[in-house]
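Results of the structural survey
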Amino acid sequence: MRTGAAAAFVVALRLAIDDGAVSAIQHNDPRVALVSRPPPSAWGVVSYGGGGEEDDDAPSEGEEEETKMSLLTTSSRILNSVSAGGGSPADATTTTMTTQSSAFVGTASAPPRTTTAETLKNPTTGGGGGGVETSSSLSVATNPAEAAIDAAAARISDMMGTHHQQQQQQQKQPKQRPLKILFLSSDTGGGHRASAEALADRFRKLFPGTTYDLMDIWSDVDSSWPYCTIRETYKSFSAAPWKWRTLYHVSNNPFYAKFADYHSYYMNEELIRERMEEYDPDVVVSVHPTMNYIPLFSIRKISEKIGRDIPFFTVVTDFGSGHCTWFNKDVDKMYLASEPIKEIAQHRGAVPDEKIVMSGLPIRYDFAAQADVMGDRTTEGGIAHRAKIREHLGIDNEKRMVLVMGGGEGVGSLSDIVNELYAKLRTQGVDATICVVCGRNEQLKSDLDTRCWDTVVSQSLQSYESLRSKFFTKVLTLHAHRSRRIQLALDRAAARAAGEGNDVADVPGNVDVVPLGFVKNMAEYMVAADVLVSKAGPGTIAEAAAVGLPVMVTSHLPGQEAGNVDIVLNGGFGDFCEDPETIGLEVACWLRDPQLLDVMSRKAMKVGHPHAAEEIAMDIGETTHRWMERNESKRNNGASIGHD
């Protein structure tokens, strides 16, 4: 028992014995003098360490044990004296004063009497006279004084248990001190900003009053070429995969990374540092691969200048693989979403294990809320929740629902994919609603609104022989990473089509297409959907997995997004196809196999981590508070500030 807890124990006993004394007085018991309260000036309590952090002045384990045994002996003598008929506890008084010199301040004429609940349960025979019969039950007391002491023991036990529970609850509650957070990101794709905003939302919820800023270190300062063109370069190269592949692989090595670090340092570090200092943050969080070296160096110099340590964290927003510039081993912590990317961090960046936190990818809180309410989408409760969401969105609950996405800007071959999905679902006899997220692509949205779908089906049927050839050679060719369960479903579909001699259903499916613009309630649409058809964006895949949604991946950027495809394939909750006709055929096959969809959904849930943003924000917030307390302590003590 820690000494602080021991002191609290004695105080609780003292109050309990006071109550017992009142009971004894009411029964005119002469032995009440043995448990009567001394004057307030006679004693006080001084606890070691305050029950908080370790204190160098605290007694050793041996001293604590000696104190505890002395208290037990004293308690036994007092109890036996009371039980024996009121003998003088002089011996107990002497022992009490000797052992309490470290925990009490009092006078020899009126020392406090001390006992423990354990001793009261099993009293020993003391030197004051006759013994008393012992029992493990507190119901053996036969007179008012004994009853008072027994009640005191029970009360002490309850108070100690309640005190322990309160301490545990206080430890679990987050500190409410607000934070000033500086996020580092750039609009090179929507995922970085989305992750920062998801984290910021949780910070403000967990630590009320928190404020944040988002800084693009290359665009928000007058940076040199080529850093000032990072946004335009991304848009140009991502539209031409061969360009992006070349840039990614040429730069994804330690030699290029070191050269870029040194070059950007000499050209831009002073400007970046001046701008970061203007924000005066409590903590810096990077969510972009190009912002983990120079900003870290800058924040360390700022800390030295202002005499206050500022922690720096990296939240990697790629899922299955990442560029080497993500992984700076000198950051204070690094948050990763998967084991494959952890291997890269340790192999390429030499990031020590103690700095790595396996957290999942931070996504919007809407997905966590939906996941909590829905639970497993394959259960009765999950099905009922999805039905309510569909009713809210105006989607026919009697049909299957396919959600098609192409990124925030509506890029990709969405038009061809939607055409083939519509045609194949019709010809395979699947009733479905196809919701197409067009993003800011207003032209695509308008075309889908006015498209003649009968013509789409007719054109698809005219190329049916070619389609059948693709069905057997592409869809049914074993994929190196395709899950066995999906492959078996495709094999059964092919065998059924071959046996019937006709791949076209007798009754065509009832299919409708709903074009959507830029969607803000994406969590609801993913809950309502049966299958997601999308490019391999890390945030999109993480969101789908969070609500147990199977995924058909249609494209990916060479490099970092290739690892995201592996997350889907190896996780067994989707497939990867680039050909629109193949996509349409395989999705139709999935929708006709409810058991397959259930299996894929459960596998997606194993990969999903809907509360990642909240867990990351909590960990960063608590760590930052410890740094802030340490800074205050050093200032109060006049110590110099320096990064550990």
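Residues numbered from 1 in each chain as written. Predicted model: local features only at pLDDT ≥ 70, side-chain atom pairs only at ≥ 80, totals over all residues. Heavy atoms only, no water.

When two helices pack together, their arrangement is given by the angle between the helix axes and by the axis-to-axis distance. At a minimum axis distance of 8 Å, the contact between helix α12 (residues 365–374) and helix α13 (residues 380–393) shows a crossing angle of 130 degrees. As far as their axial angle goes, α13 and α12 are oblique. Contacts from Gln 370, Val 373 and Met 374 of α12 reach α13 at Gly 381, Gly 382, His 385, Arg 386 and Ile 389. Across the contact of α12 with α13, the residue classes break down as three nonpolar, four polar and one charged. (Axes fitted to C-alpha atoms, helices over the stretch in contact; angles between N-to-C directions. Helix = DSSP H or I, 4+ residues; strand = E, 2+ residues; numbered from the N terminus. Parallel < 35°, antiparallel > 145°, perpendicular 65-115°, else oblique. Contact = heavy atoms within 4.5 Å. Nonpolar A, V, L, I, M, F, W, Y, C, P; charged D, E, K, R; others polar.)

This part takes up the pattern of salt bridges. Counted according to the given criterion, the structure contains 21 salt bridges. Close ionic contact of Asp 332 with Arg 300 constitutes a salt bridge, the shortest N to O distance being 3.2 Å. With Asp 332 in the loop between β6 (312–315) and β7 (333–336) and Arg 300 in helix α10 (residues 294–306), this pair connects stretches of sequence that are 32 residues apart. You'll find Asp 332 and Arg 300 in the same group, each marked buried. The salt bridge partner of Arg 386 is Asp 530, with a shortest N-O separation of 3.1 Å. In this pair, Arg 386 sits in helix α13 while Asp 530 sits in the loop between α19 (522–528) and β12 (531–534), placing the two residues 144 residues apart along the sequence. (Salt bridge = Lys/Arg side-chain N within 4 Å of Asp/Glu carboxyl O. Buried < 20%, exposed > 50% of the residue type's maximum accessible area, 1.4 Å probe, protein only.)

Attention shifts here to helix α21 (residues 560–571). Compared with the 16 Å implied by 1.5 Å per residue over 12 residues, the 17 Å span of α21 between its first and last C-alpha is a close match. When you tally the buried positions in α21, you get nine out of 12 residues, the bulk of the element. Inspection of α21 places Gln 560, Glu 561, Gly 563, Asn 564, Val 565, Ile 567, Val 568, Leu 569 and Gly 571 among the buried residues, and these make up the whole buried set. Remark: Gly 572 follows α21 within two positions and exhibits a positive phi of approximately 75 degrees. (Expected span 1.5 Å × (residues − 1).)

With that settled, the discussion passes to the pairing of strand β10 (residues 432–437). Here β10 lies mainly inside the structure; six of its six residues are buried. Of the two faces of β10, the one lined by Ala 432, Ile 434 and Val 436 and the one lined by Thr 433, Cys 435 and Val 437 are each fully buried. Across six bridges, the pairing between β10 and strand β11 (residues 511–516) is parallel. In the sheet register, Ala 432 faces β11, and the bridge partner there is Val 511. (Pairing = 2+ DSSP bridges.)

Another aspect to go through is the sheet that holds strand β8 (residues 356–358). In a beta sheet, neighbouring strands pair by backbone hydrogen bonds and run either parallel or antiparallel. One open sheet accounts for six strands, arranged β4-β3-β5-β6-β7-β8; its pairing is parallel. Each having just a single partner strand, β4 (211–215) and β8 make up the two edges of the open sheet. Strand-to-strand, the axes of this sheet are offset by a mean angle of 20 degrees, without reference to chain direction. Relative to the sheet, helix α9 (residues 254–279) contacts β3 (180–184), β4 and β5 (283–286), its axis offset from that of β4 by approximately 165 degrees.

The next thing to look at is the sheet that holds β11. Spatially, the six strands line up as an open sheet ordered β11-β10-β9-β12-β13-β14, and their pairing is parallel. A strand with exactly one partner marks an edge of an open sheet, and here the two such strands are β11 and β14 (574–576). For this sheet, the mean inter-axis angle between neighbouring strands, taken without regard to orientation, is 15 degrees. Bridge count between strand β13 (residues 551–553) and β14: three bridges; the pairing is parallel. Residue pairing in the sheet places Val 553 in a bridge with Phe 576 of β14.

For the rest of this paragraph, the subject is the confidence of the model for the protein. Chain-level statistics for the protein give a pLDDT mean of 76 and a share of 66% at 70 or above. Contacts from residues 408–412, a stretch scored under 50 in pLDDT, to residues over four places away or in other chains number 10 contacts. Low pLDDT, under 50, characterises residues 469–480; the stretch is placed with 24 contacts to residues that sit more than four places away or in other chains. (pLDDT = per-residue confidence, 0-100.)

Membership of the largest hydrophobic core comes to 41 residues, with the highest contact counts inside it found for Phe 367, Met 401, Leu 403, Met 522, Tyr 525, Met 526 and Leu 532. Where this core is concerned, the elements lending two or more residues are α12, α13, β9 (400–405), β10, α19, α20 (538–546), β13 and α21. No other element matches the six residues that α19 contributes to this core. Every residue in contact with Phe 367, bar those within four places of it in the chain, is listed here: Met 522, Ala 523, Met 526, Glu 543, Ala 546, Val 547 and Pro 610. Of all hydrophobic cores here, the second largest spans 38 residues; its members include Val 418, Ala 489, Val 511 and Cys 589. (Core = buried A, V, L, I, M, F, W, Y, C linked by side-chain atoms within 4.5 Å.)

Tallied over the entire structure, the rule returns seven aromatic pairs. On the basis of an interplanar angle of 55 degrees and a centroid distance of 6.4 Å, the ring pair of Phe 183 and Phe 203 is categorised as tilted. Of the two residues, Phe 183 is situated in strand β3 and Phe 203 in helix α6 (residues 190–206); the sequence distance between them amounts to 20 residues. Among the residues examined, Phe 183 registers a relative accessible area of 0% and is labelled buried. A relative accessible area of 0% means that Phe 203 is categorised as buried. On the numbers, 6.5 Å between centres and 35 degrees between planes, the contact of Phe 203 with Phe 207 is tilted. Note on accessibility: Phe 203 and Phe 207 belong to one class, buried. (Phe/Tyr/Trp six-rings, centres within 6.5 Å; stacked < 30°, edge-to-face > 60°.)

This next bit is on a nonpolar patch on the surface. A surface patch of nonpolar side chains, about 420 Å² in accessible area, is lined by Tyr 262, Tyr 266 and Met 267. Inspection of the secondary structure puts Met 267 in helix α9. (Patch = residues over 30% accessible without salt bridge, like charges linked within 9 Å, V, L, I, M, F, W, Y side chains within 5 Å. Areas by Shrake-Rupley, 256 points an atom, 1.4 Å probe, with all protein chains shown as cover.)

To continue, consider the environment of Thr 623. By secondary structure assignment, the location of Thr 623 is in helix α24 (residues 612–637). In this structure Thr 623 comes out as buried when scored by relative accessible area, which is 8%. When the C-alpha positions of Thr 623 and Asp 332 are compared, they lie 9.7 Å apart, and in sequence the two are 291 residues distant. When neighbours within four sequence positions are excluded, Thr 623 is seen to be in contact with Phe 313 and Lys 333. One polar contact links the side chain of Thr 623 to the main-chain carbonyl oxygen of Asp 619, over a distance of 2.8 Å. (Polar contact = N/O pair within 3.5 Å; in protein donor to acceptor, adjacent residues only side chain to side chain.)

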